[in-house]
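# Chains, contacts and geometry: an overview
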Amino acid sequence: MTANTTLRAVIGAAILAGVGLGAVEAVVLNATGRLPDLLGLLWPLCIRWAGVGGLLGLAAYPVALAGSRLRKHRLLWWIAAVVIAMSVFYLLWKTARPTQLTRWHQAAIWAVYAALATVSIAAPVVLCRRRPWRNVLAGAAIVASPIVSLIDPVHLREIYLSLNIGQLVIAMSLAGIGVYTWLRRQAYVPPAGRSLVVVILLAWMVPGARDDVASLYFGSTRFEFVELRLRPIRIPPIPDSSQTEYLDLFDVPGHAAARATWRSRRPNAARMSILWVTVDAMRPELVDSDTAPTIRDFAKQGTWFRNAFAQSSSTAMSTESFFRSRYPASTSFAQGKPPGRYPSLAEVLRARGHQAIGVTGMGANLFGPNKVFARMQHGFEKFVPGLKATDANDTVDQLIANVDPARPFFVWIHLFDPHVPYVPRGDVDTAASDRVRYEGEIRYADAGFGRLLAWLDEHGATDRTIVVVNADHGEAFGEHGRYFHATSFFDVQIHVPLIIRVPGIAPGRVAAPVGNVDVAPTLLELVGVDAPDTMQGRSLLPTLLDPALPYPRAAFAESPHDWTWFQFRVATDGRWKLHYDLRTGLAQLFDRSNDPGERVNVVASHRKEAERLLEFLAALDRHCR
Ligand SMILES: [Zn+2]
């Protein structure tokens with residue numbers, strides 16, 4: 001038997017064994033209830049193990065080639081160097097806390113990649129002097145893809161979080177070896193083996209293959225967040241019915257009467273100013289805590305919506321949704337059009353003579369202007385970016401410098417501090433936990449909010465200014481295996497504070513489910529302007545006047561249709577909350593009253609509730625059409 005035949009047999013057997021192992025694993029997981037979607041996850045598991053088999057087969061080459069002409073000790077050195085670099089990277093990733101991505105960690109990760117690149121490019125040159133350019137190309141292939149992924153630090157954060165990074169690095173190295181051997185056209189990889197390796201690598205690189213597997217084990221990747229422990233089950237798709245039973249979801253009864261009452265009470269409403277404060281990533285329970293004393297006192301002076309939801313858990317998507325009062329799947333972003341397609345609150349108020357100024361604490365990131373910042377300038381006459389370091393005090397200074405409090409204004413101020421990274425503030429130590437540093441930033445932003453209220457007072461503007469406090473999304477600290485936001489629609493990421501204080505309206509607490517999408521129509525109605533037809537939210541004026549009204553009846557969140565990492569729709573009536581996966585038809589239903597952590601999926605035992613919420617989604621579709 002020649003060396004080549006032996007190699008072919010080794011790699012073939014290893015890959016086939018991997019496929020078999022993957023199939024066995026899938027069947028066992030299905031039988032034990034951890035894998036409801038057997039067919040959907042069978043192939044990623046097979047590919048995963050086939051890849052491992054291929055890697056083992058490759059590792060066996062030098063052994064199988066013993067006695068051949070190849071200078072195998074050099075090849076072994078090369079493989080050892082790559083494995084060491086991968087291990088160091090893996091350790092770095094494992095030891096750092098996921099949300100504590102310091103400059104040191106970033107620098108260390110870059111250094112390891114640089115070392116990996118040097119080894120990968122230099123070693124083949126040393127190994128084969130005859131065609132150095134091919135080897136340089138081959139070595140570059142090993143490192144190119146991960147480096148491309150790392151260029152954007154936000155993306156880095158996500159990759160860093162997804163626990164499949166080890167798989168990614170292995171796959172990349174395997175890809176490099178495959179390309180390297182292909183380019184060298186040397187004898188030590190047989191043609192059949194080469195082709196197999198390439199097919200496996202291509203399949204492995206399909207995000208679905210990697211991420212479905214990772215979510216199966218860790219439930220925390222960016223791409224897939226069906227939690228298998230929660231046992232989602234398949235239910236019929238959203239009905240396209242013409243029933244009208246739930247159309248009142250978008251019409252709050254008593255609207256005309258409420259409007260007349262308000263007009264008679266506030267004849268000068270059109271001169272009222274609006275200060276809208278968005279505290280990035282603020283969780284609603286913090287309103288009730290010592291962490292945000294100013295906002296807590298403020299909540300007692302205004303209408304406090306206890307069941308308010310962001311329509312998305314991403315900053316850019318959520319703000320576009322609330323500025324233009326469009327549900328995320330109906331935004332111009334989702335339609336692939338420029339943002340000017342639907343009028344924004346700022347544009348409507350500018351046309352009525354208000355100053356419309358936006359101020360955000362979102363600054364430039366490591367590699368230049370923040371992409372999200374560019375997406376948030378929704379029709380303001382002036383939109384002031386943050387300084388390089390986000391600081392609520394600076395953000396408030398920017399507002400004070402740019403707004404004339406003597407004229408009617410609409411000002412949106414975005415206190416960006418609580419967004420990652422969590423900078424230690426005041427007496428909070430650098431070594432404190434993520435949660436403690438995050439709350440320190442909320443406290444810091446809360447003090448900034450206090451300065452804003454004082455500024456209104458100073459200029460005698462308090463009794464002619466409507467003040468709104470909300471958040472663009474929540475923040476996860478490991479709940480459901482996730483961190484930060486924009487990775488799920490569980491309450492920790494979309495249940496938000498919403499408080500509206502209107503001079504002349506008594507304080508109150510509202511239990512009805514509402515959305516940030518409702519804020520713009522509400523503000524327009526308060527200052528006596530008709531909301532454009534394109535706005536999909538509902539005016540909450542009747543609710544502000546009578547907080548006990550059992551309306552609105554539902555709130556929603558959804559991904560724009562082309563979001564790659566998850567495509568979900570959520571409907572809630574305040575108590576029941578349905579998560580519906582558009583891609584798989586899998587559904588989860590939670591009882592928020594008895595299970596606020598959304599730990600137990602009760603869709604099987606409460607089909608009627610789930611179907612009612614699906615009807616709500618159908619009503620939303622009709623409303624948005
Ligand atoms: Zn945000």
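An account of the accompanying structure is given in this report. Along each chain, numbering runs from 1 in the same order as the chain's sequence is written. A pLDDT threshold of at least 70 governs which residues receive local features in this predicted model, and a stricter bar of 80 or more applies before side-chain atom pairs are shown or counted, although totals over entire chains, interfaces and linings include all residues. Side-chain measures here rest on the full set of heavy atoms in the structure, leaving out hydrogens and waters.

## Focus on the side chain of R501
- Numbering goes from the N terminus for both helices and strands, where a helix is a DSSP run of H or I of at least four residues and a strand is a run of E of at least two. Of note, R501 is situated in strand β12 (residues 498-501).
- Buried and unpaired, R501 has no salt bridge, with D457 as the nearest side chain of opposite charge at 6.3 Å.
- Within the local environment of R501, its side chain forms a polar contact with the side chain of Q301, the two groups lying 2.6 Å apart.
- We call two residues in contact whenever any of their non-hydrogen atoms come within 4.5 Å of each other. In contact with R501, not counting residues within four places along its chain, are F298, Q301, G302, L453, T462, T465, I466 and V467. For the exposure calls, accessible area comes from a 1.4 Å probe over protein chains only, and a residue counts as buried if that area is under 20% of its type's maximum, exposed if over 50%, partly exposed in between. In this tally, Asp and Glu contribute negative charge and Lys and Arg positive charge; neither His nor the terminal groups of the chain are included. A carboxyl oxygen of Asp or Glu within 4 Å of a side-chain nitrogen of Lys or Arg is what we treat as a salt bridge. By the criterion applied in these results, polar contacts are pairs of N or O atoms within 3.5 Å in which, for protein atoms, one can donate a hydrogen and the other can accept it, and in which residues neighboring in sequence qualify only through two side-chain atoms.

## A look at the pattern of salt bridges
- Tallied over the entire structure, the rule returns 24 salt bridges.
- For the salt bridge of E609 with R612, the shortest nitrogen-to-oxygen distance reads 2.9 Å. Placement of the pair is E609 and R612 together in helix α21 (residues 607-624), with a separation of 3 residues, close to one helical turn.
- When its relative accessible area of 22% is taken as the criterion, R612 is described as partly exposed.
- Bridged by salt links that share partners, the residues R283, E285, R435 and E439 form one connected network.

## A closer look at the packing of helix α12 (residues 293-301) against helix α17 (residues 434-458)
- Between α12 and α17, the shortest axis-to-axis distance is 7 Å and the interhelical angle comes to 50°. Taken as axis vectors, α12 and α17 run oblique relative to one another. Counted together, P293, T294, I295 and F298 of α12 and D446, F449, G450 and L453 of α17 form the full contact between these two elements.
- Its residues placed into classes, the contact of α12 with α17 shows 5 nonpolar, 2 polar and 1 charged. Axes here refer to lines fitted to C-alpha atoms; in helices the fit is confined to the stretch in contact. Angles between the N-to-C directions go from 0 to 180 degrees. For classification purposes, angles smaller than 35 degrees are called roughly parallel, those larger than 145 roughly antiparallel, those between 65 and 115 roughly perpendicular, and all remaining angles oblique. In this classification, Asp, Glu, Lys and Arg are treated as charged, Ala, Val, Leu, Ile, Met, Phe, Trp, Tyr, Cys and Pro as nonpolar, and every other residue, Gly included, as polar.

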